[in-house]
Each structure stands twice: as C-alpha cells, then as structure tokens.
Amino acid sequence: MLVNGKWTEDWQPVQKADEKGRFVRQTSSFRHWITPDGAPGPTGEGGFQAEAGRYRLYVAYICPWASRTLMARALKGLEDVIAVTVVAPALSSEGWQFGGYPGADVDPLFGATHLHELYTRADPEFTGRATVPVLWDEKTGTIVNNESADIIRMLDTAFEGLVPSDLRLYPEDLAAEIDALNPRIYDQLNNGVYKAGFALTQGAYDEAVDGVFAMLDELETRLSDGRDFLFGSRFTETDIRLFVTLIRFDAAYHGLFKTNRRRIADYVALSAYMERVLRLDGVRATVNMDHITRGYYSIKTLNATGIVPTGPQHIIDLLARTAP
Ligand SMILES: N[C@@H](CCC(=O)N[C@@H](CS)C(=O)NCC(=O)O)C(=O)O
C-alpha cells in the first residue's frame with residue numbers, strides 16, 4: 001500500500017482485520033462525481049463534466065468491484081465514450097501492474113508500470129491501498145472516484161445527454177428497495193466471501209460462511225417466483241452487484257475462499273439468473289475467467305504453490321455457450 005505517497009511492502013498478506021480476526025475492507029478515498037454540467041455530485045468537488053473521450057476506467061477483470069463498472073459501462077452503451085485499461089490479473093509486490101499477461105494492457109497515458117503511480121499522480125501524499133477500479137479524468141489528470149458503488153451510479157445518469165439509454169440502473173421508484181437490499185447483499189455475499197476467505201479465526205470464518213449461504217438461500221427463494229431480475233422485470237444496479245459475485249463463485253470462492261457448502265450450480269434459480277444476466281448485451285465481454293482464476297489463485301497467503309486449477313467444467317461450458 002501507499003503511505004504518504006511512498007510504496008510500502010506490507011501489501012500482502014496483510015489485509016486489515018479486526019480484534020476477532022475478521023477481514024476489514026478499506027473505504028474508498030476519491031469521491032468526486034461526473035455530472036452532466038460539471039456541478040458537484042452528492043460527495044466531492046465539481047468540475048467533472050460528462051464528455052466523450054475524457055474519462056478512463058482502470059480495472060482488473062479479476063476484481064468484482066471493478067467488474068461492476070465494466071458492466072455498467074457496457075449496459076449503458078458507453079463503450080465509445082469511456083475508455084478502459086485492464087491491469088494484469090495477479091497482484092505483484094507493488095500491487096496491480098500493467099502489461100505482461102495476455103489481456104492486460106500497458107498504461108496508455110503515462111507508461112506507468114504499476115497502478116499506484118496513478119494514485120500518487122492524483123495525490124502525491126496518498127495513504128491507502130491502490131485499488132481498482134479507478135475512474136481517471138484525462139483532462140485534469142486526476143482520479144475522479146475509486147468507489148465502484150459511486151461509479152455505477154454516475155454512469156447511470158451523467159452521460160444521458162450524450163448517450164441516451166432506456167435502461168435505468170437506479171430508478172427512482174425502486175431507490176428505497178435498492179438501498180435496502182444492496183448493503184445486505186454486500187455484507188453477507190459480495191464482501192462475505194472475502195470475509196470467509198481471509199478469516200484469521202474459525203469463528204470469523206463460520207460467521208462469514210453462514211452469512212454467505214443464508215443470503216444465497218434467500219436470493220434463490222426470491223428468484224424462484226419466475227421473475228427475471230431481483231426487482232422483477234427491470235434489471236437494476238443490484239443485479240450487477242449480485243452477478244459479479246455469482247460468476248466468480250464456483251471458479252474461485254468455492255475452493256480458494258472455502259465457501260464450499262454448495263456451488264451456484266446447485267441453486268436452480270440462481271444458475272438460470274446468472275446465465276440470463278450473462279446473455280444481456282455486452283455483459284459476457286466483461287467476464288474473463290482466465291484472469292479471474294489466475295488472479296485469485298495467485299493470492300499467496302491462500303495458495304502457496306500458485307498452482308491454478310483448470311476447472312470447473314460447468315463454468316467453462318457456460319462461458320463457451322454464451323461466448324459472443
Ligand atoms: N470499495 C472499493 C473496493 C475495491 C477493491 O477492494 N479492489 C481490490 C480488488 S478486488 C483491490 O484493488 N485491492 C488491491 C489492494 O487491496 O491492494 C470499490 O468497490 O470500488
């Protein structure tokens with residue numbers, strides 16, 4: 001991580017834990033918003049007007065939070081408006097790095113070798129982890145925002161004047177329900193699998209894994225009434241937030257994070273839902289299973305040999321039959 005703008009080596013295996021050995025995720029630090037006219041958003045400063053070709057997303061395909069932003073970009077038809085740079089799947093001794101792996105890009109703006117260089121460009125005294133996603137402003141040369149929850153909200157509305165879309169990821173009439181369900185799915189499932197994987201005590205693991213499967217059971221029941229998406233026929237940001245965890249589950253979390261009570265493949269409604277989302281225009285291209293398995297299984301504290309499993313076959317088959 002960075003401390004006062006200097007890279008320090010304690011990036012891995014050190015993940016923050018609380019007094020009971022529970023994994024604690026850092027909160028994001030750049031919270032500005034792109035808006036249609038450059039007015040300030042709900043947090044941060046103004047000056048970030050929606051313009052085609054001005055902004056770039058730095059992402060890792062392995063990362064579920066970064067993948068949220070890739071999905072929102074694709075579903076809102078913003079591929080030609082917002083550029084993307086993909087880092088290599090495995091964290092290096094200096095965090096995320098550019099190039100050197102099939103499907104990983106070099107940094108087109110500064111020729112940076114590591115993502116943390118962007119953080120210190122934005123803030124020479126930055127302290128914290130250099131995480132993906134990063135939404136970068138090429139005009140002012142800074143980070144607009146590095147919190148995926150914010151980024152998918154701004155992509156939903158900021159560019160409507162440039163690229164109109166029928167899809168509303170956060171429709172007003174569902175806002176209260178979305179705001180109620182998001183944190184529950186986040187805590188028990190999206191971050192719950194990480195809490196299981198990085199637990200330092202049996203108690204912390206047991207608590208996390210109970211939460212994971214309670215939520216999967218609840219969502220299986222919810223989706224079993226024939227609805228297409230979590231809130232009915234309309235696809236929302238909560239579907240993005242759920243999908244990114246489901247698609248990684250059987251290939252990475254089930255084995256590496258020890259969330260192996262069941263697979264997503266054992267849930268009938270969740271499996272059908274996952275494939276339905278995967279078939280939405282543009283979504284399949286945001287899933288790179290090679291980066292996902294390579295990335296997760298390179299976490300040395302959880303997999304000392306670095307050997308990457310080659311399955312599971314049902315995920316390989318799913319991706320083959322949904323390939324664009
Ligand atoms: N709250 C952030 C979380 C982002 C995050 O934790 N990204 C991870 C990858 S999945 C990361 O970049 N980790 C690098 C590190 O912790 O050093 C978001 O949702 O955008």
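Model, not experiment: these values are computed from the prediction.

A.B. asks: When you look at the nonpolar core in this model, what are you seeing that I'm missing?
C.D. replies: Generally speaking, a soluble globular protein has its nonpolar side chains buried in company with each other. Counting residues in hydrophobic clusters, the biggest one holds 104 residues, and the most contacted among them are Ile34, Phe159, Leu216, Phe243 and Tyr296. In terms of domain composition, this core takes at least three residues from each of domain 1 (1-167) and domain 2 (173-321). Once residues within four sequence positions are removed from consideration, phenylalanine 243 is found in contact with Met71, Met274, Val277, Leu278, Val283 and Val287.

A.B. asks: Is there a simple way to think about the UniProt feature "domain: GST C-terminal" (unreviewed entry) in the protein in this case?
C.D. replies: Feature annotation in UniProt places "domain: GST C-terminal" (unreviewed entry) on residues 171-307, given in this structure's numbering. Helix and strand shares over residues 171-307 are 61% and 0% respectively, and the end C-alpha atoms of the span are 44 Å apart.

A.B. asks: When you look at the packing of aromatic side chains in this model, what are you seeing that I'm missing?
C.D. replies: The way to describe two aromatic rings as a pair is by their centre distance and the angle between their planes. For the coordinates displayed, the defined rule picks out 19 aromatic pairs. Each ring, one from tyrosine 58 and one from phenylalanine 98, has its centre 5.8 Å from the other, and the planes form 70°; the classification is edge-to-face. Highlighted residues: tyrosine 58 in strand S3 (residues 55-59) and phenylalanine 98 in the loop between strand S4 (83-86) and helix H2 (116-122), separated in sequence by 40 residues. With a centroid separation of 5.5 Å and an interplanar angle of 45°, the aromatic rings of tryptophan 65 and tyrosine 186 are classed as tilted. Of this pair, tryptophan 65 sits in helix H1 (residues 64-75) while tyrosine 186 sits in helix H4 (residues 175-190), and the two are 121 residues apart along the sequence. Every member of this aromatic cluster is reached through a ring pair, and the members are Trp65, Tyr186, Tyr194, Phe198, Phe213, Phe249, Tyr253, Phe257 and Tyr296.

A.B. asks: Can you help me understand the pairing of strand S6 (residues 142-145) in this one?
C.D. replies: A regular strand carries its side chains on alternate faces of the sheet. Note that strand S5 (residues 134-137) and S6 share three bridges and pair antiparallel. Along S6, the bridge assignment pairs tryptophan 136 with isoleucine 143. Between the antiparallel neighbours S5 and S6 lie four residues, among them glycine 141 with a positive phi of about 65°.

A.B. asks: I keep staring at the packing of helix H7 (residues 237-256) against helix H9 (residues 289-296) and nothing clicks. Help me out?
C.D. replies: Two numbers describe a pair of packed helices, the interaxial angle and the distance between the axes. In contact at an axis separation of 10 Å, H7 and H9 are set at 15° when each is read in the N-to-C sense. Considered as vectors, H7 and H9 are oriented roughly parallel to each other. For the element pair H7 and H9, the recorded crossing hand is right-handed. Judged by residue contacts, Ile247, Arg248, Ala251, Ala252, Tyr253 and Leu256 of H7 engage Met289, Ile292, Thr293 and Tyr296 from H9. Class assignment of the residues belonging to the contact of H7 with H9 gives a composition of eight nonpolar, one polar and one charged.

A.B. asks: Can you walk me through the pattern of salt bridges in this structure?
C.D. replies: Any two side chains of opposite charge can pair, on the condition that their charged atoms come close. Following the criterion strictly, the structure yields 21 salt bridges and no others. One salt bridge connects arginine 54 with glutamate 51, and the closest N-O pair in it is separated by 3.0 Å. Classification of glutamate 51 by relative accessible area gives partly exposed; the value is 26%. The shortest N-O distance in the salt bridge between lysine 139 and glutamate 51 comes to 3.3 Å. Placement of lysine 139 in the loop between S5 and S6 and of glutamate 51 in the loop between strand S2 (6-7) and S3 is noted, with a sequence separation of 88 residues between them. Look at the salt bridges and you will find they share partners, linking Glu51, Arg54, Asp137 and Lys139 into a network.

Rules used in this analysis
- Residues numbered from 1 in each chain as written.
- Predicted model: local features only at pLDDT ≥ 70, side-chain atom pairs only at ≥ 80, totals over all residues.
- Heavy atoms only, no water.
- Core = buried A, V, L, I, M, F, W, Y, C linked by side-chain atoms within 4.5 Å.
- Buried < 20%, exposed > 50% of the residue type's maximum accessible area, 1.4 Å probe, protein only.
- Domains from an automatic or database assignment.
- Contact = heavy atoms within 4.5 Å.
- UniProt positions renumbered as here; feature names shortened; annotations may be inferred.
- Helix = DSSP H or I, 4+ residues; strand = E, 2+ residues; numbered from the N terminus.
- Phe/Tyr/Trp six-rings, centres within 6.5 Å; stacked < 30°, edge-to-face > 60°.
- Pairing = 2+ DSSP bridges.
- Axes fitted to C-alpha atoms, helices over the stretch in contact; angles between N-to-C directions.
- Parallel < 35°, antiparallel > 145°, perpendicular 65-115°, else oblique.
- Left-handed = near helix turned anticlockwise from the far one by under 90°.
- Nonpolar A, V, L, I, M, F, W, Y, C, P; charged D, E, K, R; others polar.
- Salt bridge = Lys/Arg side-chain N within 4 Å of Asp/Glu carboxyl O.

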